[in-house]
Amino acid sequence: MKKLFLALSIIFLVYATAMLIQTTNMDMGLAVFFLLGAFLFIIYYRHNTAMKLFQTYKKTTVTIVVLCLLFAATLETLILTSANTDPGKVSGKIDSILVLGGGTKNNRPGAVLKGRLDQALAYAENHPNVNFIVSGGLGFGKTTSEGTIMKNYLVENGIEPERIQIEEKATSTYENLLYTKEMIGADHQLLVVTSDFHLFRTKMIAKRVGIEAEGLGSPLRISSVPQAHVREYMAIIKSYFTDR
């Protein structure tokens with residue numbers, strides 16, 4: 001059992017370090033993996049003390065762990081059941097595709113944002129009359145807004161500039177949707193394109209700001225799934241209480 005804690009600690013720390021090197025972006029998802037890795041290493045290093053504490057508070061510890069697992073399983077179920085990644089499953093007439101910002105690097109879309117834009121382009125291939133709204137503000141230390149970078153990418157991939165509106169004030173999902181609402185009519189049919197894990201929270205916030213929209217998600221690389229989903233658990237909790 002002691003070696004298991006060491007093995008899990010190494011797995012979590014190596015994963016978090018590899019993802020940090022790859023993305024160069026420290027977020028809450030990675031922080032959780034670093035903290036779990038450090039916590040498990042402490043249990044390994046002070047195994048006897050940890051086991052004595054566990055025996056003393058066994059019922060409390062087991063209860064907390066089970067509740068956390070059930071809570072995570074509930075959130076994961078909500079995320080997975082909302083994660084439509086098939087453009088063919090989008091029903092009804094769509095007036096505009098709203099693409100939510102997802103990070104840029106060197107004035108180009110990052111991997112996550114590129115996936116969202118490519119998914120929007122895939123839908124537009126069979127719907128040539130659809131327009132675009134790209135939403136993303138000016139990030140810290142950036143010189144070009146995310147919205148502008150997104151528009152440039154769409155134009156490079158054959159979308160006429162006049163079909164693209166830019167919303168470049170938003171710095172959060174809530175603001176993405178709130179500011180977009182100010183740009184469209186009451187009966188405007190919107191398709192929101194974001195990452196698959198992000199669709200549940202996006203739809204929840206959209207209802208709060210008064211937007212009825214369909215959703216289309218772009219799948220993540222397998223290596224990014226643990227980090228992104230853990231981060232999304234905390235984002236869902238935050239949005240539930242604050243994004244109103």
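Now for a quick tour of the structure. (Residues numbered from 1 in each chain as written. Predicted model: local features only at pLDDT ≥ 70, side-chain atom pairs only at ≥ 80, totals over all residues. Heavy atoms only, no water.)

A look at the packing of helix 8 (residues 199–209) against helix 9 (residues 225–242)
Here's step 1: Interhelical geometry of helix 8 versus helix 9 gives an angle of 10° and a closest axis separation of 10 Å. Considering the angle they form, helix 8 stands roughly parallel to helix 9. Contacts between helix 8 and helix 9 pair F200, R201, M204, I205 and R208 from the former with E232, A235, I236, S239 and Y240 from the latter. (Axes fitted to C-alpha atoms, helices over the stretch in contact; angles between N-to-C directions. Helix = DSSP H or I, 4+ residues; strand = E, 2+ residues; numbered from the N terminus. Parallel < 35°, antiparallel > 145°, perpendicular 65-115°, else oblique. Contact = heavy atoms within 4.5 Å.)

Section: helix 2 (residues 28–45)
Here's step 1: Helix length check: helix 2, at 18 residues, gives a terminal C-alpha distance of 25 Å against a target of 26 Å (1.5 Å per residue), a fit within 8%.
Here's step 2: Looking at the buried side of helix 2, the elements it contacts are helix 1 (2–23), helix 3 (47–56) and helix 9.
Here's step 3: Sitting at the head of helix 2, D27 places a side-chain oxygen 3.0 Å from the backbone nitrogen of G29. (Expected span 1.5 Å × (residues − 1). Polar contact = N/O pair within 3.5 Å; in protein donor to acceptor, adjacent residues only side chain to side chain.)

Looking at the sheet that holds strand 4 (residues 131–135)
Here's step 1: Taken in spatial order, the five strands make up an open sheet running 5-4-1-6-7, and their pairing is parallel. Strand pairing shows two members of the sheet lacking a second neighbour, strand 5 (164–167) and strand 7 (213–218), which therefore form its edges. Strand-to-strand twist in this sheet, taken as the mean axis angle between neighbours without regard to direction, amounts to 25°.
Here's step 2: Note: strand 6 (residues 190–195) against strand 7, six bridges, orientation parallel. Looking at strand 7, one finds that L190 is bridged to A213.
Here's step 3: Across the sheet, helix 8 lies against strand 1 (96–100), strand 6 and strand 7, angled at about 140° from strand 6, the strand it touches most. (Pairing = 2+ DSSP bridges.)

So, the packing of helix 1 against helix 2
Here's step 1: Two numbers describe how helix 1 lies on helix 2: the axes approach to 8 Å, and their chain directions differ by 155°. Relative to helix 2, the element helix 1 is oriented roughly antiparallel. For helix 1 against helix 2, the interelement crossing comes out left-handed.
Here's step 2: Split by residue class, the contact of helix 1 with helix 2 holds 18 nonpolar, four polar and one charged. (Left-handed = near helix turned anticlockwise from the far one by under 90°. Nonpolar A, V, L, I, M, F, W, Y, C, P; charged D, E, K, R; others polar.)

Notes on the pairing of strand 5
Here's step 1: Here strand 4 runs beside strand 5; their pairing, made up of four bridges, is parallel. Within the sheet, the bridge partner assigned to S135 lies in strand 5 and is E167.
Here's step 2: With helix 6 (residues 146–156) bridging strand 4 and its parallel neighbour strand 5, the resulting β-α-β unit is right-handed. (Right-handed = clockwise from strand over helix to strand, strands pointing away.)

Focus on the environment of R201
Here's step 1: Tracing the backbone through its elements, the reader meets R201 in helix 8.
Here's step 2: Linking R201 and E156, residues 45 residues apart in sequence, is a C-alpha distance of 30 Å.
Here's step 3: Sequence-distant contacts of R201, that is, excluding residues within four places in its chain, are made with T173, E232, A235, I236 and S239.
Here's step 4: Polar side-chain contacts of R201 include one of 3.3 Å to the side chain of H198.

Overview of a nonpolar patch on the surface
Here's step 1: The grouping of M1, L4, L8 and I11 at the surface amounts to a nonpolar patch, some 400 Å² of accessible area in total.
Here's step 2: Its location among the elements puts L8 in helix 1. (Patch = residues over 30% accessible without salt bridge, like charges linked within 9 Å, V, L, I, M, F, W, Y side chains within 5 Å. Areas by Shrake-Rupley, 256 points an atom, 1.4 Å probe, with all protein chains shown as cover. Salt bridge = Lys/Arg side-chain N within 4 Å of Asp/Glu carboxyl O.)

Things to note about the packing of aromatic side chains
Here's step 1: In total, this model carries five aromatic pairs according to the counting rule given.
Here's step 2: On the numbers, 6.3 Å between centres and 10° between planes, the contact of F41 with Y45 is stacked. Residue F41 and its partner Y45 are located together in helix 2, separated by four residues, close to a single helical turn.
Here's step 3: In this structure Y45 comes out as exposed when scored by relative accessible area, which is 61%.
Here's step 4: Consider the rings of Y240 and F241, whose centres lie 5.1 Å apart with planes at 85°: the pair is edge-to-face.
Here's step 5: What makes Y240 partly exposed here is its relative accessible area of 44%.
Here's step 6: Judged by relative accessible area, which is 59%, F241 ranks as exposed.
Here's step 7: Over the face of the ring belonging to Y179 we find K169, whose NZ or CZ atom lies 4.4 Å from the ring centre. (Phe/Tyr/Trp six-rings, centres within 6.5 Å; stacked < 30°, edge-to-face > 60°. Buried < 20%, exposed > 50% of the residue type's maximum accessible area, 1.4 Å probe, protein only. Lys NZ or Arg CZ within 6 Å of the ring centre and 35° of its normal.)

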